[in-house]
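Structural features, examined
Chain by chain, the residues run as shown.
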Amino acid sequence: QVQLKESGPVLVQASETLSLTCAVSGFSLTDYGVFWVRQPPGKGLEWMGIIWRNGNTDYNLALKSRLSINRDTSKNQVFLKMNSLQADDTAFYYCTRGVYPGILDYWGQGVMVTVSS
Amino acid sequence: EIVLTQSPTTMAASPGEKVTLSCRASSSLRYMHWYHQRSGTSPKLWIYETSKLASGVPNRFSGSGSGTSFSLTINSMETEDAATYYCQQGSNYPPITFGAGTTLELK
């Protein structure tokens, strides 16, 4: 069945770089896009970016200068890197599978990342 | 960027009550999607392409709308329906945008 699972550090120092991995199973990264969405505790959902099935990427303009998304199709993994972290980057980070038209049909369990000063 | 405005922000409903949640878009959309989230869990796709129920969603839920006005309706509120519901536009992306959510509580 389709599964996505995020992993990475739960605590990151301010000004450092966050690196997260999304391991997927049950589908191919060359058939579906993978989105990253984050959610500060007690707040709403924010789209961060997407890596399309052809490997192209699009980013939230507000994060574009700090964010990169890549993948390793042979390992069924998608990677998120975001630099210059600040306190307001503290959030749950989710990877999700995307199908046209912009439907996020499967979500990972999420990983809570705290930025510490 | 398309802005989605959900209303109300919070509401409470009694078991058996009919509930309607609203989502208005700043520009006309072909579709709206809805997600359901309980505290401490990841969001789940609930309704897609405006009116199609995701797998496992009870048929007391329905979605409707067009253009800039969309809604999610629960025909008869049940205890398990208490959650936060987010609308999300998938007609014109990137960027994907979400509404701020409506928290539905049990009265």
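Relevant structure appears above.
First things first, this report covers the structure right here in the doc. (Residues numbered from 1 in each chain as written. Chains lettered and ligands numbered in written order. Predicted model: local features only at pLDDT ≥ 70, side-chain atom pairs only at ≥ 80, totals over all residues. Heavy atoms only, no water.)

To continue, consider the sheet that holds strand β3 (residues 19-29) of chain B. Residue and element names in this part refer to chain B. Ordered in space as β1-β3-β7, the three strands form an open sheet in which the pairing is antiparallel. Pairing within the sheet leaves two strands with one partner each, and these edge strands are β1 (4-7) and β7 (61-74). If you compare each strand with its neighbour and ignore which way they point, the axes differ by 20° on average. Across four bridges, the pairing between β1 and β3 is antiparallel. (Pairing = 2+ DSSP bridges. Helix = DSSP H or I, 4+ residues; strand = E, 2+ residues; numbered from the N terminus. Axes fitted to C-alpha atoms, helices over the stretch in contact; angles between N-to-C directions.)

In this complex, chain B contributes 19 residues to the contact, which on the side of chain A involves 20 residues. Both faces considered, chain B and chain A share a buried interface measuring about 1,600 Å² in area, 68% of it formed by carbon and sulfur atoms. In this structure, the connection of chain B to chain A is made through zero salt bridges. Where chain B meets chain A, there are eight residue pairs in polar contact (both at pLDDT 80 or more). Counting residues per element, the ones that place at least two in the side of chain B that touches chain A are β4 (33-37), β5 (44-48) and β8 (83-89) of chain B. (Contact = heavy atoms within 4.5 Å. Buried area = accessible area lost by both parts, 1.4 Å probe. Salt bridge = Lys/Arg side-chain N within 4 Å of Asp/Glu carboxyl O. Polar contact = N/O pair within 3.5 Å; in protein donor to acceptor, adjacent residues only side chain to side chain.)

On to the sheet that holds strand β3 (residues 18-25) of chain A, then. Strands pair in a sheet through their backbones, by hydrogen bonds, and they do so in one of two ways: parallel or antiparallel. Residues and elements named next belong to chain A. As summarised here, the arrangement of the four strands in space is β1-β3-β8-β7, forming an open sheet in which the pairing is antiparallel. The sheet terminates laterally at β1 (3-7) and β7 (67-72), the two strands that pair on one side only. Recorded for the sheet is a direction-independent mean angle of 20° between the axes of neighbouring strands. Sheet topology note: the β3/strand β8 (residues 77-82) ladder contains six bridges and is antiparallel. Bridge pairing links A23 to Q77 in β8.

We now examine the environment of M82(A). Secondary-structure assignment places M82(A) in strand β8. Non-local contacts of M82(A), meaning those with residues more than four positions away in its chain, are made with E16(A), T17(A), L18(A), R38(A), M48(A), L63(A), R66(A), L67(A), D89(A) and Y93(A).

Attention now moves to the state of the cysteines. Residue and element names in this part refer to chain B. Counted by the stated rule, this structure contains two disulfides over all chains. Covalently, C23 is tied to C87 through a disulfide, its sulfur atoms 2.0 Å apart. The sign of the S-S torsion, about 70°, decides the handedness of the disulfide formed by C23 and C87: right-handed. A residue pair is termed long-range when its members are at least 10 positions apart, and C23 in strand β3 and C87 in strand β8 qualify at 64 residues. (Disulfide = S-S within 2.5 Å.)

Right, let's get into the packing of aromatic side chains. A complete count under the given rule lists nine aromatic pairs over all chains for this structure. With a centroid separation of 6.3 Å and an interplanar angle of 40°, the aromatic rings of F35(A) and Y93(B) are classed as tilted. Remark: Y93(B) occurs in the loop between β8 and β9 (97-98) and F35(A) occurs in strand β4 (residues 33-39); the pair is interchain, linking two chains. A residue is classified by how much of its surface remains accessible, and F35(A), at 2% relative accessible area, is buried. Joined through ring pairs, the aromatic side chains of F92(A), Y94(A), W107(A), Y35(B) and F98(B) make up one cluster. In this structure, R97(A) packs its charged tip against the face of F27(A), placed 5.2 Å from the ring centre. Sitting above the plane of the Y32(A) ring, R97(A) keeps its charged end 3.8 Å from the centroid. (Phe/Tyr/Trp six-rings, centres within 6.5 Å; stacked < 30°, edge-to-face > 60°. Buried < 20%, exposed > 50% of the residue type's maximum accessible area, 1.4 Å probe, protein only. Lys NZ or Arg CZ within 6 Å of the ring centre and 35° of its normal.)

Residue and element names in this part refer to chain A. Locating V10 in the fold gives a position in the loop between β1 and β2 (11-13). By relative accessible area, which is 53% here, V10 ends up exposed. Sequence-wise, V10 and G108 are 98 residues apart; in three dimensions their C-alpha atoms are separated by 16 Å. For V10, the residues in contact, after removing those within four places along its chain, are M112, V113 and T114.

As a further point, take the layout of surface pockets. A volume near 330 Å³ is recorded for the largest pocket. Every residue lining the largest pocket is counted, 19 residues in all, and those nearest its centre are Q39(A), Q37(B), R38(B), S39(B) and G40(B). The set of elements that each furnish at least two residues to the lining of the largest pocket consists of β9 (91-99) of chain A together with β8 and β10 (102-106) of chain B. Taken together, the residues that form the lining of the largest pocket break down as seven nonpolar, 10 polar and two charged. (1 Å grid on protein atoms, 1.4 Å probe; cavity = no way out; pocket = protein on both sides within 12 Å on 5 of 7 lines; lining within 4 Å. Points joined across faces, edges and corners; volume = space filled by probe spheres on them. Nonpolar A, V, L, I, M, F, W, Y, C, P; charged D, E, K, R; others polar.)

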